[in-house]
Amino acid sequence: MQKIYNGSLTREQFLFYETRITAQLVCQGLPRDEIIERIKSENLFQFPTEKMVVSIARTCFRRLDALASDALVQLLAEAPMGTAKQVNLYAMMKDNRVVWDFMTTVIGEKYRTQALDFSPKDVSIFLFLLREQNDSVAGWSDSTVSKIRQVLIRILTECRYLDSIRASQLNWISIEPELEDEIRAQHDTAALPAFNCFR
C-alpha cells in the first residue's frame, strides 16, 4: 500500500473498464508499450485525447502492479463483473492510501459494528480528520477534498455497497471467495474488513 496520501483520485476515479481492458491485454502477454499503443490506436478507452489515454493507462498499470498477483490480474480481466469490481476496488486500496484508509476504517468499522447507516457526512468527517492529522492532506484545496468525497461515494456505488449515490444505508456485501483467498495468501488481512469479512 502507498505510504503517502495524494489527491490523484480527483482525476483517476474507479476506472473499472479501463483497468479491465488493460488487465486483459496484460494477460495476453503483451509488453506495456505495445499495450499503450494498442489502447491508443484502437481507442479502447474511448477518451477524447491521446495524452489522457496514456496517463490513464499508466494509472491502470500502477493498480495492476499494486495487486502483486497474477491470479488477481486474471480475475480482474476475466471474472464476472461483481468479482472483477471487488478486485478493482482492492487494487485501488493498494494503490491509494486515501481509499485504503476510508475502506478499512470507515466502511470496515460500519460492518464490524453492523451500523450500516451511511451519508456523505461520513466521508466528510473522514476527510476532515485526515486533514487535521496529515500535513500534505491539510494542503489540499476545498475543491480537491470535495471531489475526493464524490469519488469515494461513487466507488461505493460502483461496487454495490450503496444502491445509489443518495442511498442512506450500506448493503450487506460478501467478499468474493477468490479475492479473499488471494488477500489471505498475501497476508494482507487488514484489508478484509473493507469487504465485510471478519472470519
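Parameters at a glance
Residues numbered from 1 in each chain as written. Predicted model: local features only at pLDDT ≥ 70, side-chain atom pairs only at ≥ 80, totals over all residues. Heavy atoms only, no water. Phe/Tyr/Trp six-rings, centres within 6.5 Å; stacked < 30°, edge-to-face > 60°. Helix = DSSP H or I, 4+ residues; strand = E, 2+ residues; numbered from the N terminus. Buried < 20%, exposed > 50% of the residue type's maximum accessible area, 1.4 Å probe, protein only. Patch = residues over 30% accessible without salt bridge, like charges linked within 9 Å, V, L, I, M, F, W, Y side chains within 5 Å. Areas by Shrake-Rupley, 256 points an atom, 1.4 Å probe, with all protein chains shown as cover. Salt bridge = Lys/Arg side-chain N within 4 Å of Asp/Glu carboxyl O. Axes fitted to C-alpha atoms, helices over the stretch in contact; angles between N-to-C directions. Parallel < 35°, antiparallel > 145°, perpendicular 65-115°, else oblique. Left-handed = near helix turned anticlockwise from the far one by under 90°. Contact = heavy atoms within 4.5 Å. Nonpolar A, V, L, I, M, F, W, Y, C, P; charged D, E, K, R; others polar. Expected span 1.5 Å × (residues − 1).

1. Here we look at the packing of aromatic side chains
Here's step 1: On inspection of all chains with the given rule, the structure shows six aromatic pairs.
Here's step 2: With centroids separated by 6.1 Å and ring planes inclined at 50°, the aromatic side chains of Y111 and Y161 adopt a geometry described as tilted. With a gap of 50 residues between them, Y111 in helix α7 (residues 97–113) and Y161 in the loop between α10 (142–158) and α11 (177–185) connect regions that are remote in the sequence.
Here's step 3: The exposure class of Y161 is buried, given its relative accessible area of 1%.

2. Things to note about a nonpolar patch on the surface
Here's step 1: A cluster of nonpolar side chains, namely I125, F128 and L129, defines an oily patch on the protein surface of about 280 Å² accessible area.
Here's step 2: The topology assignment puts I125 in helix α8 (residues 120–133).
Here's step 3: Look at I125 and you get partly exposed, because its relative accessible area is 42%.

3. Section: the packing of helix α2 (residues 16–27) against helix α3 (residues 32–41)
Here's step 1: Contact geometry for α2 and α3: axes closest at 10 Å, N-to-C directions at 130°. By the angle class used here, α2 and α3 are oblique. Seen from above, α2 lies across α3 with right-handed handedness. Where α2 abuts α3, its residues T22, L25 and V26 lie against I35, R38 and I39.
Here's step 2: Split into classes, the residues belonging to the contact of α2 with α3 amount to four nonpolar, one polar and one charged.

4. Comments concerning the environment of L127
Here's step 1: With respect to the helices and strands, L127 occurs in helix α8.
Here's step 2: The exposure class assigned to L127 is buried, which follows from its relative accessible area of 2%.
Here's step 3: Put simply, L127 and A79 are 48 residues apart on the chain and 33 Å apart in space, counted from C-alpha to C-alpha.
Here's step 4: With near-sequence residues (within four places) excluded, L127 lies in contact with V98, V145, I148 and R149.

5. Observations regarding the packing of helix α6 (residues 81–95) against α11
Here's step 1: Two elements in contact, α6 and α11, have axes separated by 9 Å at closest approach and are oriented at 30°. Overall, the two elements α6 and α11 adopt an arrangement that is roughly parallel. Note on element contacts: α11 touches α6 through E178, L179 and I183, opposite T83, Q86, V87 and Y90.
Here's step 2: In terms of residue class, the contact of α6 with α11 is built from four nonpolar, two polar and one charged.

6. Focus on α10
Here's step 1: In this model α10 runs 24 Å from its N-terminal to its C-terminal C-alpha over 17 residues, within 8% of the 24 Å that 1.5 Å per residue would give.
Here's step 2: Looking at the packing, one finds that the buried side of α10 touches α1 (9–12), α6, α7 and α8.

7. Topic: unusual backbone geometry
Here's step 1: The phi angle at Q13 is positive, at roughly 55°, despite the residue not being glycine.
Here's step 2: By the secondary structure assignment, Q13 is in the loop between α1 and α2.
Here's step 3: By relative accessible area, Q13 is classed as partly exposed at 21%.
Here's step 4: Of note, the phi angle at N43 is positive, near 50°, even though the residue is not glycine.
Here's step 5: Of note, N43 is situated in the loop between α3 and α4 (50–67).

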